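Close look at the chain arrangement
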2 protein chains.
Amino acid sequence: MSEIITYGDYQNLFNLFKSIYPLSNELKVAIVNNSEVIEVNKKVKLLSVGERSHTIYFVVKGAARVYYLNKEGKETNTWFLFENELLISVYSFYTGNPSFEYIETLEDCKLIAVKREKLDEMYLKYMEFNFSGRKLTEFYHMRNEIQANDLRMYSAKERYEHLVERNPALFQRVSLGHIASYLGISQETLSRIRKQK
Amino acid sequence: MSEIITYGDYQNLFNLFKSIYPLSNELKVAIVNNSEVIEVNKKVKLLSVGERSHTIYFVVKGAARVYYLNKEGKETNTWFLFENELLISVYSFYTGNPSFEYIETLEDCKLIAVKREKLDEMYLKYMEFNFSGRKLTEFYHMRNEIQANDLRMYSAKERYEHLVERNPALFQRVSLGHIASYLGISQETLSRIRKQK
DNA sequence: ATAATTTTTTGACTTTTGTCAAAAGTTGGG
DNA sequence: CCCAACTTTTGACAAAAGTCAAAAAATTAT
(Lines give C-alpha, C1' and ligand atoms only; values in the text may rest on other atoms or scores of the structure.)
Protein backbone atom coordinates (compact mmCIF):
# COMPACT_ATOMS: atom_id res chain seq x y z
CA MET A 1 0.00 0.00 0.00
CA SER A 2 1.33 3.42 -0.88
CA GLU A 3 1.93 6.04 1.75
CA ILE A 4 -0.39 8.99 1.94
CA ILE A 5 1.64 11.98 0.90
CA THR A 6 0.53 15.44 2.07
CA TYR A 7 2.57 18.34 0.93
CA GLY A 8 1.02 21.16 2.95
CA ASP A 9 0.66 23.93 0.42
CA TYR A 10 -0.15 21.42 -2.31
CA GLN A 11 -3.08 19.83 -0.53
CA ASN A 12 -5.79 21.95 -2.13
CA LEU A 13 -4.28 21.65 -5.58
CA PHE A 14 -4.14 17.88 -5.21
CA ASN A 15 -7.71 17.80 -3.96
CA LEU A 16 -8.79 19.77 -7.00
CA PHE A 17 -7.11 17.28 -9.33
CA LYS A 18 -8.39 14.31 -7.37
CA SER A 19 -11.94 15.56 -7.72
CA ILE A 20 -11.50 15.23 -11.50
CA TYR A 21 -9.35 12.16 -12.09
CA PRO A 22 -7.37 9.78 -9.84
CA LEU A 23 -4.00 11.30 -9.04
CA SER A 24 -1.09 8.85 -8.85
CA ASN A 25 1.69 9.28 -6.35
CA GLU A 26 4.10 9.49 -9.23
CA LEU A 27 2.26 12.44 -10.72
CA LYS A 28 2.00 14.12 -7.31
CA VAL A 29 5.76 13.88 -6.96
CA ALA A 30 6.22 15.22 -10.49
CA ILE A 31 3.97 18.19 -9.75
CA VAL A 32 5.95 19.03 -6.63
CA ASN A 33 9.27 18.61 -8.38
CA ASN A 34 8.23 20.70 -11.37
CA SER A 35 6.78 23.61 -9.43
CA GLU A 36 7.73 26.16 -6.85
CA VAL A 37 5.88 27.66 -3.91
CA ILE A 38 6.42 31.41 -3.89
CA GLU A 39 5.34 34.28 -1.70
CA VAL A 40 4.64 37.61 -3.33
CA ASN A 41 3.71 40.92 -1.72
CA LYS A 42 0.63 42.81 -2.79
CA LYS A 43 0.73 45.15 -5.80
CA VAL A 44 3.48 43.12 -7.43
CA LYS A 45 3.31 42.49 -11.16
CA LEU A 46 3.69 38.82 -12.12
CA LEU A 47 3.43 39.67 -15.82
CA SER A 48 3.70 42.91 -17.78
CA VAL A 49 2.55 43.97 -21.24
CA GLY A 50 5.01 42.86 -23.88
CA GLU A 51 6.44 39.99 -21.84
CA ARG A 52 5.76 36.40 -22.76
CA SER A 53 3.95 34.47 -20.08
CA HIS A 54 5.85 31.32 -19.11
CA THR A 55 4.10 30.56 -15.85
CA ILE A 56 0.77 29.38 -14.56
CA TYR A 57 -0.05 30.00 -10.91
CA PHE A 58 -2.31 28.25 -8.46
CA VAL A 59 -3.45 30.62 -5.71
CA VAL A 60 -2.82 28.99 -2.33
CA LYS A 61 -3.52 32.22 -0.44
CA GLY A 62 -4.31 35.77 -1.51
CA ALA A 63 -5.83 37.50 -4.51
CA ALA A 64 -4.73 38.79 -7.89
CA ARG A 65 -6.13 40.51 -10.93
CA VAL A 66 -5.62 40.45 -14.66
CA TYR A 67 -6.01 43.79 -16.43
CA TYR A 68 -4.91 45.85 -19.39
CA LEU A 69 -4.72 49.49 -20.35
CA ASN A 70 -7.20 50.84 -22.85
CA LYS A 71 -6.38 53.47 -25.47
CA GLU A 72 -6.74 56.29 -22.94
CA GLY A 73 -4.41 54.49 -20.55
CA LYS A 74 -7.14 53.44 -18.15
CA GLU A 75 -6.97 50.08 -16.44
CA THR A 76 -9.58 47.52 -17.43
CA ASN A 77 -9.79 44.50 -15.15
CA THR A 78 -10.75 41.27 -16.83
CA TRP A 79 -10.46 38.77 -14.03
CA PHE A 80 -10.04 38.51 -10.27
CA LEU A 81 -8.60 35.29 -8.87
CA PHE A 82 -8.62 33.97 -5.31
CA GLU A 83 -7.74 30.89 -3.28
CA ASN A 84 -7.80 27.59 -5.16
CA GLU A 85 -8.06 29.22 -8.58
CA LEU A 86 -5.68 29.16 -11.49
CA LEU A 87 -4.06 32.43 -12.47
CA ILE A 88 -2.80 33.02 -16.01
CA SER A 89 -2.85 35.40 -18.90
CA VAL A 90 -4.85 33.11 -21.15
CA TYR A 91 -3.71 34.56 -24.45
CA SER A 92 -0.01 34.80 -23.74
CA PHE A 93 0.31 31.55 -21.83
CA TYR A 94 -1.48 29.49 -24.46
CA THR A 95 0.10 31.09 -27.52
CA GLY A 96 3.51 32.04 -26.19
CA ASN A 97 3.01 35.48 -27.77
CA PRO A 98 3.78 38.71 -25.90
CA SER A 99 1.06 39.63 -23.44
CA PHE A 100 -1.28 42.57 -23.92
CA GLU A 101 -2.27 42.39 -20.27
CA TYR A 102 -0.84 42.58 -16.78
CA ILE A 103 -1.11 40.19 -13.88
CA GLU A 104 -0.79 41.85 -10.49
CA THR A 105 -1.35 40.71 -6.93
CA LEU A 106 -4.06 42.50 -4.97
CA GLU A 107 -3.00 41.04 -1.62
CA ASP A 108 0.06 39.30 -0.24
CA CYS A 109 -0.01 35.92 -1.93
CA LYS A 110 1.27 32.41 -1.62
CA LEU A 111 1.33 30.81 -5.06
CA ILE A 112 2.32 27.54 -6.67
CA ALA A 113 4.13 28.44 -9.87
CA VAL A 114 4.57 26.03 -12.78
CA LYS A 115 6.60 26.91 -15.86
CA ARG A 116 4.94 26.12 -19.18
CA GLU A 117 7.94 24.04 -20.18
CA LYS A 118 7.51 21.80 -17.13
CA LEU A 119 3.77 21.68 -17.54
CA ASP A 120 4.15 20.58 -21.16
CA GLU A 121 6.60 17.89 -20.10
CA MET A 122 4.09 16.57 -17.61
CA TYR A 123 1.32 16.67 -20.17
CA LEU A 124 3.46 14.52 -22.48
CA LYS A 125 4.71 12.15 -19.82
CA TYR A 126 1.48 11.63 -17.89
CA MET A 127 -1.26 11.43 -20.48
CA GLU A 128 -3.97 11.24 -17.82
CA PHE A 129 -2.88 14.68 -16.67
CA ASN A 130 -4.47 15.98 -19.88
CA PHE A 131 -7.79 14.68 -18.64
CA SER A 132 -7.62 17.03 -15.65
CA GLY A 133 -6.17 19.82 -17.78
CA ARG A 134 -9.02 19.48 -20.24
CA LYS A 135 -11.67 19.52 -17.55
CA LEU A 136 -10.19 22.55 -15.85
CA THR A 137 -9.90 24.39 -19.15
CA GLU A 138 -13.53 23.53 -19.88
CA PHE A 139 -14.51 25.03 -16.55
CA TYR A 140 -12.63 28.29 -17.10
CA HIS A 141 -13.90 28.43 -20.66
CA MET A 142 -17.44 28.24 -19.35
CA ARG A 143 -16.85 31.04 -16.88
CA ASN A 144 -15.57 33.15 -19.74
CA GLU A 145 -18.58 32.44 -21.87
CA ILE A 146 -20.93 33.50 -19.08
CA GLN A 147 -18.91 36.67 -18.61
CA ALA A 148 -19.11 37.58 -22.31
CA ASN A 149 -22.83 36.86 -22.40
CA ASP A 150 -23.46 39.06 -19.40
CA LEU A 151 -21.63 41.94 -21.03
CA ARG A 152 -23.73 41.63 -24.17
CA MET A 153 -27.06 40.87 -22.64
CA TYR A 154 -27.45 43.03 -19.58
CA SER A 155 -27.43 46.70 -18.64
CA ALA A 156 -24.83 48.12 -16.27
CA LYS A 157 -27.28 47.87 -13.40
CA GLU A 158 -28.22 44.27 -14.11
CA ARG A 159 -24.59 43.25 -14.44
CA TYR A 160 -23.88 44.79 -11.06
CA GLU A 161 -26.82 43.01 -9.47
CA HIS A 162 -25.79 39.65 -10.92
CA LEU A 163 -22.29 40.06 -9.60
CA VAL A 164 -23.54 40.91 -6.11
CA GLU A 165 -25.72 37.83 -6.24
CA ARG A 166 -23.15 35.44 -7.65
CA ASN A 167 -20.06 36.69 -5.90
CA PRO A 168 -20.82 38.92 -2.92
CA ALA A 169 -17.46 38.10 -1.37
CA LEU A 170 -15.74 39.91 -4.22
CA PHE A 171 -16.87 43.24 -2.80
CA GLN A 172 -15.14 42.46 0.49
CA ARG A 173 -11.77 42.06 -1.16
CA VAL A 174 -11.70 44.25 -4.26
CA SER A 175 -12.24 48.02 -4.51
CA LEU A 176 -15.22 49.44 -6.37
CA GLY A 177 -12.92 51.16 -8.83
CA HIS A 178 -11.54 47.78 -9.88
CA ILE A 179 -14.95 46.17 -9.99
CA ALA A 180 -16.36 48.95 -12.19
CA SER A 181 -14.03 48.24 -15.09
CA TYR A 182 -14.58 44.51 -14.66
CA LEU A 183 -18.29 45.21 -15.17
CA GLY A 184 -17.45 47.33 -18.20
CA ILE A 185 -18.67 50.61 -16.68
CA SER A 186 -17.16 53.76 -15.22
CA GLN A 187 -16.56 54.09 -11.52
CA GLU A 188 -19.03 56.98 -11.30
CA THR A 189 -21.77 54.96 -12.92
CA LEU A 190 -21.17 52.10 -10.50
CA SER A 191 -21.36 54.49 -7.59
CA ARG A 192 -24.71 55.84 -8.85
CA ILE A 193 -26.10 52.37 -9.41
CA ARG A 194 -25.26 51.39 -5.87
CA LYS A 195 -26.95 54.48 -4.48
CA GLN A 196 -30.22 53.87 -6.35
CA LYS A 197 -30.96 50.57 -4.72
CA MET B 1 2.84 -0.60 -42.43
CA SER B 2 -0.68 0.56 -41.72
CA GLU B 3 -3.00 1.54 -44.49
CA ILE B 4 -3.81 5.18 -44.97
CA ILE B 5 -7.44 5.57 -44.10
CA THR B 6 -9.36 8.49 -45.56
CA TYR B 7 -12.94 8.82 -44.57
CA GLY B 8 -14.10 11.62 -46.85
CA ASP B 9 -16.12 13.81 -44.55
CA TYR B 10 -13.76 13.08 -41.66
CA GLN B 11 -10.62 14.24 -43.43
CA ASN B 12 -10.62 17.80 -42.09
CA LEU B 13 -11.46 16.70 -38.57
CA PHE B 14 -8.59 14.21 -38.65
CA ASN B 15 -6.26 16.85 -40.03
CA LEU B 16 -7.23 19.13 -37.19
CA PHE B 17 -6.41 16.46 -34.62
CA LYS B 18 -3.22 15.46 -36.41
CA SER B 19 -2.00 19.05 -36.27
CA ILE B 20 -2.17 18.77 -32.47
CA TYR B 21 -1.12 15.22 -31.57
CA PRO B 22 -0.44 12.03 -33.56
CA LEU B 23 -3.70 10.29 -34.36
CA SER B 24 -3.61 6.50 -34.25
CA ASN B 25 -5.60 4.42 -36.69
CA GLU B 26 -7.36 2.87 -33.75
CA LEU B 27 -8.55 6.26 -32.54
CA LYS B 28 -9.57 7.23 -36.06
CA VAL B 29 -11.73 4.15 -36.26
CA ALA B 30 -13.19 4.86 -32.83
CA ILE B 31 -14.07 8.41 -33.85
CA VAL B 32 -15.84 7.17 -36.96
CA ASN B 33 -17.67 4.44 -35.05
CA ASN B 34 -18.74 6.78 -32.28
CA SER B 35 -20.04 9.57 -34.49
CA GLU B 36 -22.53 10.22 -37.21
CA VAL B 37 -22.42 12.37 -40.32
CA ILE B 38 -25.69 14.25 -40.59
CA GLU B 39 -27.18 16.71 -43.05
CA VAL B 40 -29.39 19.46 -41.69
CA ASN B 41 -31.34 22.11 -43.59
CA LYS B 42 -30.93 25.75 -42.78
CA LYS B 43 -32.93 27.35 -39.94
CA VAL B 44 -33.11 24.07 -38.06
CA LYS B 45 -32.64 24.10 -34.29
CA LEU B 46 -30.05 21.61 -33.04
CA LEU B 47 -30.68 22.62 -29.43
CA SER B 48 -33.44 24.58 -27.70
CA VAL B 49 -33.68 26.38 -24.38
CA GLY B 50 -34.44 23.96 -21.57
CA GLU B 51 -33.03 20.93 -23.35
CA ARG B 52 -29.84 19.29 -22.18
CA SER B 53 -27.11 19.31 -24.78
CA HIS B 54 -25.82 15.81 -25.45
CA THR B 55 -24.00 16.44 -28.70
CA ILE B 56 -20.95 18.21 -30.02
CA TYR B 57 -20.80 18.97 -33.73
CA PHE B 58 -17.93 19.47 -36.13
CA VAL B 59 -18.97 21.61 -39.08
CA VAL B 60 -17.98 19.87 -42.31
CA LYS B 61 -19.99 22.26 -44.47
CA GLY B 62 -22.31 25.15 -43.71
CA ALA B 63 -22.82 27.65 -40.90
CA ALA B 64 -24.64 27.84 -37.59
CA ARG B 65 -25.22 30.22 -34.75
CA VAL B 66 -25.62 30.07 -30.98
CA TYR B 67 -28.04 32.57 -29.48
CA TYR B 68 -30.44 33.23 -26.67
CA LEU B 69 -33.43 35.41 -25.97
CA ASN B 70 -33.04 38.36 -23.65
CA LYS B 71 -35.68 39.56 -21.21
CA GLU B 72 -37.57 41.39 -23.95
CA GLY B 73 -37.55 38.26 -26.10
CA LYS B 74 -34.95 39.57 -28.53
CA GLU B 75 -32.37 37.23 -29.97
CA THR B 76 -28.78 37.76 -28.88
CA ASN B 77 -26.20 35.88 -30.95
CA THR B 78 -23.13 34.78 -29.06
CA TRP B 79 -21.25 32.79 -31.67
CA PHE B 80 -21.19 32.00 -35.39
CA LEU B 81 -19.52 28.77 -36.48
CA PHE B 82 -18.36 27.69 -39.93
CA GLU B 83 -16.43 24.94 -41.70
CA ASN B 84 -13.88 23.08 -39.55
CA GLU B 85 -15.10 24.56 -36.32
CA LEU B 86 -16.65 22.88 -33.30
CA LEU B 87 -20.25 23.73 -32.51
CA ILE B 88 -21.62 23.38 -28.97
CA SER B 89 -23.54 25.12 -26.28
CA VAL B 90 -20.58 25.43 -23.94
CA TYR B 91 -22.55 25.67 -20.73
CA SER B 92 -25.03 22.87 -21.32
CA PHE B 93 -22.61 20.46 -22.97
CA TYR B 94 -19.98 20.80 -20.26
CA THR B 95 -22.31 20.77 -17.27
CA GLY B 96 -25.15 18.60 -18.52
CA ASN B 97 -27.57 21.23 -17.22
CA PRO B 98 -30.52 22.50 -19.30
CA SER B 99 -29.46 24.99 -21.93
CA PHE B 100 -30.30 28.70 -21.75
CA GLU B 101 -29.42 29.09 -25.41
CA TYR B 102 -30.34 27.81 -28.85
CA ILE B 103 -28.19 26.33 -31.58
CA GLU B 104 -29.57 26.87 -35.07
CA THR B 105 -28.21 26.32 -38.56
CA LEU B 106 -27.84 29.40 -40.74
CA GLU B 107 -27.22 27.42 -43.93
CA ASP B 108 -27.74 23.84 -45.08
CA CYS B 109 -25.12 21.93 -43.12
CA LYS B 110 -23.16 18.73 -43.12
CA LEU B 111 -22.09 17.96 -39.57
CA ILE B 112 -20.21 15.28 -37.69
CA ALA B 113 -22.16 14.66 -34.50
CA VAL B 114 -20.66 13.04 -31.40
CA LYS B 115 -22.73 12.24 -28.31
CA ARG B 116 -21.17 13.28 -25.02
CA GLU B 117 -21.47 9.73 -23.76
CA LYS B 118 -19.37 8.45 -26.65
CA LEU B 119 -16.94 11.32 -26.37
CA ASP B 120 -16.46 10.62 -22.68
CA GLU B 121 -15.85 6.94 -23.45
CA MET B 122 -13.17 7.90 -25.93
CA TYR B 123 -11.59 10.32 -23.46
CA LEU B 124 -11.35 7.49 -20.94
CA LYS B 125 -10.19 4.82 -23.36
CA TYR B 126 -7.70 6.89 -25.37
CA MET B 127 -5.91 9.10 -22.87
CA GLU B 128 -3.98 10.89 -25.61
CA PHE B 129 -7.31 12.10 -26.96
CA ASN B 130 -7.44 14.37 -23.93
CA PHE B 131 -4.30 16.06 -25.20
CA SER B 132 -6.13 17.17 -28.33
CA GLY B 133 -9.29 17.95 -26.37
CA ARG B 134 -7.33 20.11 -23.99
CA LYS B 135 -5.60 22.02 -26.77
CA LEU B 136 -8.84 22.63 -28.64
CA THR B 137 -10.56 23.79 -25.46
CA GLU B 138 -7.66 26.14 -24.82
CA PHE B 139 -8.09 27.60 -28.28
CA TYR B 140 -11.83 28.20 -27.89
CA HIS B 141 -11.27 29.53 -24.41
CA MET B 142 -8.85 32.07 -25.84
CA ARG B 143 -11.34 33.18 -28.49
CA ASN B 144 -13.88 33.70 -25.76
CA GLU B 145 -11.53 35.76 -23.69
CA ILE B 146 -10.81 38.05 -26.63
CA GLN B 147 -14.52 38.41 -27.26
CA ALA B 148 -15.25 39.39 -23.65
CA ASN B 149 -12.36 41.86 -23.64
CA ASP B 150 -13.60 43.51 -26.80
CA LEU B 151 -17.04 43.97 -25.32
CA ARG B 152 -15.60 45.65 -22.26
CA MET B 153 -12.89 47.69 -23.85
CA TYR B 154 -14.23 49.10 -27.08
CA SER B 155 -17.08 51.28 -28.28
CA ALA B 156 -19.72 49.96 -30.65
CA LYS B 157 -17.89 51.50 -33.59
CA GLU B 158 -14.53 50.05 -32.63
CA ARG B 159 -16.00 46.60 -32.09
CA TYR B 160 -17.51 46.76 -35.57
CA GLU B 161 -14.21 47.84 -37.11
CA HIS B 162 -12.30 45.06 -35.37
CA LEU B 163 -14.75 42.48 -36.59
CA VAL B 164 -14.50 43.74 -40.19
CA GLU B 165 -10.74 43.53 -39.89
CA ARG B 166 -10.51 40.17 -38.21
CA ASN B 167 -13.36 38.39 -39.94
CA PRO B 168 -14.52 40.15 -43.13
CA ALA B 169 -15.91 36.89 -44.49
CA LEU B 170 -18.51 36.86 -41.72
CA PHE B 171 -20.35 39.72 -43.44
CA GLN B 172 -20.71 37.61 -46.58
CA ARG B 173 -22.56 34.86 -44.79
CA VAL B 174 -24.42 36.41 -41.87
CA SER B 175 -27.02 39.18 -41.93
CA LEU B 176 -26.34 42.52 -40.29
CA GLY B 177 -29.23 41.97 -37.91
CA HIS B 178 -27.49 38.88 -36.55
CA ILE B 179 -24.11 40.57 -36.44
CA ALA B 180 -25.49 43.55 -34.49
CA SER B 181 -26.49 41.48 -31.47
CA TYR B 182 -23.20 39.59 -31.64
CA LEU B 183 -21.46 42.96 -31.31
CA GLY B 184 -23.74 43.83 -28.40
CA ILE B 185 -25.49 46.71 -30.22
CA SER B 186 -28.85 47.36 -31.86
CA GLN B 187 -29.36 46.83 -35.55
CA GLU B 188 -30.06 50.53 -36.07
CA THR B 189 -26.82 51.54 -34.38
CA LEU B 190 -24.89 49.12 -36.57
CA SER B 191 -26.53 50.57 -39.65
CA ARG B 192 -25.55 54.09 -38.62
CA ILE B 193 -21.99 53.07 -37.84
CA ARG B 194 -21.64 51.55 -41.29
CA LYS B 195 -22.96 54.69 -42.96
CA GLN B 196 -20.52 57.01 -41.17
CA LYS B 197 -17.41 55.42 -42.54
C1' DA C 1 -3.94 61.13 16.40
C1' DT C 2 -2.96 63.58 12.26
C1' DA C 3 -1.52 64.24 7.75
C1' DA C 4 -1.22 62.23 3.34
C1' DT C 5 -2.98 59.26 0.12
C1' DT C 6 -6.42 56.67 -1.96
C1' DT C 7 -11.14 55.57 -2.80
C1' DT C 8 -15.83 56.79 -3.39
C1' DT C 9 -19.49 60.00 -4.22
C1' DT C 10 -21.79 63.94 -6.25
C1' DG C 11 -23.15 67.56 -9.66
C1' DA C 12 -23.47 69.43 -14.22
C1' DC C 13 -23.16 68.44 -18.64
C1' DT C 14 -22.07 65.63 -23.04
C1' DT C 15 -21.94 61.69 -25.79
C1' DT C 16 -23.34 57.27 -27.05
C1' DT C 17 -26.58 54.04 -27.85
C1' DG C 18 -31.40 52.45 -27.79
C1' DT C 19 -36.38 52.58 -29.14
C1' DC C 20 -40.25 53.01 -32.02
C1' DA C 21 -42.25 53.64 -36.35
C1' DA C 22 -42.02 53.89 -41.01
C1' DA C 23 -39.78 53.76 -45.50
C1' DA C 24 -36.67 51.70 -48.70
C1' DG C 25 -34.26 47.92 -50.43
C1' DT C 26 -33.49 42.91 -51.27
C1' DT C 27 -34.51 38.10 -51.96
C1' DG C 28 -36.78 34.00 -53.13
C1' DG C 29 -40.69 31.40 -54.48
C1' DG C 30 -44.83 30.75 -57.51
C1' DC D 1 -41.96 38.91 -63.47
C1' DC D 2 -44.21 40.06 -59.42
C1' DC D 3 -45.71 39.51 -54.79
C1' DA D 4 -44.71 38.37 -50.03
C1' DA D 5 -41.46 38.08 -46.65
C1' DC D 6 -37.47 39.56 -44.79
C1' DT D 7 -33.59 42.84 -44.13
C1' DT D 8 -31.67 47.31 -43.84
C1' DT D 9 -31.96 52.21 -43.40
C1' DT D 10 -33.74 56.58 -41.76
C1' DG D 11 -35.82 60.08 -38.63
C1' DA D 12 -37.24 61.82 -34.23
C1' DC D 13 -36.82 61.30 -29.73
C1' DA D 14 -35.55 58.98 -25.09
C1' DA D 15 -32.65 56.63 -22.06
C1' DA D 16 -28.24 55.01 -20.54
C1' DA D 17 -23.77 55.72 -19.56
C1' DG D 18 -19.52 58.59 -19.83
C1' DT D 19 -16.61 62.74 -18.65
C1' DC D 20 -14.64 66.25 -15.92
C1' DA D 21 -14.05 68.50 -11.72
C1' DA D 22 -14.53 68.76 -7.06
C1' DA D 23 -16.02 67.26 -2.50
C1' DA D 24 -16.47 63.75 0.92
C1' DA D 25 -15.13 59.56 3.04
C1' DA D 26 -12.08 55.97 4.13
C1' DT D 27 -7.56 54.06 4.64
C1' DT D 28 -2.62 54.12 5.57
C1' DA D 29 1.63 55.73 7.21
C1' DT D 30 4.14 58.62 10.31
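How each quantity is defined
The numbers attached to residues start from 1 for each chain and follow its sequence in the written order. Going through the entries in the order they are written, you letter the chains from A and number the ligands from 1. For this predicted model, a pLDDT threshold of at least 70 governs which residues receive local features, and a threshold of 80 or more governs which side-chain atom pairs are given and counted, while totals over whole chains, interfaces and linings are taken from all residues. No hydrogens and no water enter the side-chain calculation; it runs on all heavy atoms of the structure. Nearness here has a simple test: a residue counts as near a molecule or strand if at least one of its heavy atoms is within 4 Å of that partner. Contacts described as polar in this section are N or O atom pairs within 3.5 Å, which, within protein, must combine one atom able to donate a hydrogen with one able to accept it, while residues neighboring in sequence count only if both atoms come from side chains. In DSSP terms, a helix is any run of H or I states spanning at least four residues, a strand is any run of E spanning at least two, and both are numbered starting from the N terminus. Least squares is used to superpose the copies, and the fit set is the C-alpha atoms of residues whose pLDDT is at least 70 in both copies. Any pair of residues with heavy atoms lying within 4.5 Å of one another is described as a contacting pair. UniProt positions are given in the numbering used here, feature names are shortened, and annotations may be inferred rather than shown by experiment. Note on terms: buried area is the combined drop in 1.4 Å-probe accessible area of two parts once they are placed together, counting the loss on both. Salt bridges, as used here, are contacts in which a Lys or Arg side-chain nitrogen is within 4 Å of a carboxyl oxygen on Asp or Glu.

1. Observations concerning the protein's contact with DNA strand D
In the region of DNA strand D, 17 residues are neighbours, and Ala156 and Thr189 of chain A together with Gly177, Arg192 and Lys195 of chain B sit closest. For DNA strand D, the fraction of atoms within 4 Å of the protein that belong to sugar or phosphate moieties is 49%. Leucine 176 of chain B is positioned such that a nitrogen or oxygen atom in its backbone is 3.0 Å from a phosphate oxygen of DNA strand D. The side chain of lysine 195 of chain B places a nitrogen or oxygen atom 3.4 Å from a phosphate oxygen of DNA strand D. Those elements that place two or more of their residues in the surface near DNA strand D are α9 (187-196) of chain A together with α8 (176-182) and α9 (187-196) of chain B. Per-element accounting of the surface near DNA strand D gives the leading share, 5 residues, to α9 of chain B.

2. Some remarks on the relation of the copies chain B and chain A
One copy of the chain maps onto the other through a rotation about an axis plus a displacement along that axis. At an RMSD of 0.0 Å, chain B and chain A line up after a rotation of 180 degrees and a shift of 0.0 Å along the axis. Expressed as an axis order, the relation between the two copies is that of a two-fold axis. Both copies present the same face, since 100% of the interface residues in chain B are matched by interface residues at the equivalent positions in chain A.

3. A word on the UniProt feature "domain: Cyclic nucleotide-binding" (unreviewed entry) in chain A
Under the UniProt annotation, "domain: Cyclic nucleotide-binding" (unreviewed entry) lies at residues 19-122 of chain A. Overall, residues 19-122 of chain A shows 21% helix and 40% strand. The separation of its end C-alpha atoms is 19 Å.

4. Re the interface of chain B and chain A
At the junction of the two partners, chain B supplies 40 residues and chain A supplies 40 residues. For the pair chain B and chain A, the two sides together bury roughly 3,900 Å², of which 64% comes from carbon and sulfur. Broken down residue by residue, the surface that chain B buries against chain A is led by Arg134, His141 and Arg152 of chain B, which jointly contribute 19%. Seen at the junction of chain B and chain A, the total is 2 salt bridges. When the shortest N-O distance is used, the salt bridge between glutamate 158 of chain A and lysine 71 of chain B registers 2.2 Å.

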